[in-house]
Amino acid sequence: GTIESNMTSSFRQSIPGGTNAVNYNIVSFSNGMYVVLVRGSTTAWEWMTDAQLWAAIALTQVFQFFLPAGEIFDPILDGVMKAMAWVESQRLKEIALYTQTTQLVQFMRDYV
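Just so it is clear, the structure is predicted and the values come from calculations on it, not from any experiment. (Residues numbered from 1 in each chain as written. Predicted model: local features only at pLDDT ≥ 70, side-chain atom pairs only at ≥ 80, totals over all residues. Heavy atoms only, no water.)

### Some points on the nonpolar core
One finds Met7, Phe11, Ile15, Val22, Tyr24, Ile26, Leu104, Phe107 and Met108 forming the largest nonpolar core, which totals 9 residues. For this core, the elements supplying multiple residues, two or more each, are helix H1 (5–14), strand E2 (24–28) and helix H5 (97–111). Top element by residues in this core is H5. It accounts for 3 residues. (Core = buried A, V, L, I, M, F, W, Y, C linked by side-chain atoms within 4.5 Å. Buried < 20%, exposed > 50% of the residue type's maximum accessible area, 1.4 Å probe, protein only. Helix = DSSP H or I, 4+ residues; strand = E, 2+ residues; numbered from the N terminus.)

### Points about the confidence of the model for the protein chain
Confidence in the prediction for the protein chain averages 76 pLDDT; 84% of positions are at 70 or higher. Here strand E1 (residues 2–3) stands out as the least confident element of the protein chain, with mean pLDDT 55; strand E3 (residues 34–38) is the most confident, with 85. (pLDDT = per-residue confidence, 0-100.)

### Thoughts on the pairing of E2
For E2, the tally of buried residues reaches 4 of 5 residues, placing the bulk of the element in the interior. Pairing geometry for E2 and E3, over 5 bridges, is antiparallel. In the sheet register, serine 28 faces E3, and the bridge partner there is tyrosine 34. Taken together, E2 and the strand that follows it, E3, pair antiparallel across an intervening segment of 5 residues, in which glycine 32 is found at a positive phi of about 90 degrees. (Pairing = 2+ DSSP bridges.)

This is the structure we're talking about:
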């Protein structure tokens, strides 16, 4: 197939934060099918975005490791994780890659 760079460039210009760390490629085939390629983390900015997503889990693990008898907190960890997710919910929505990928697919439907 061929890589459609014009489509991803147009998409990036059409959304707020379109120059963020995510890199997409779109491959088109002669039968009219498209494949969206999402590149993994390669830059420091992308790794920082990933770190934001995993920070709550890391903090919980550190908390559990350093406290004496940390395993007694296992029954409340679900509640702690839900509370942390609630506090960070808006920020997590902003950096979640699936939301922008969904927007890209919607954009492709209108573009093609």
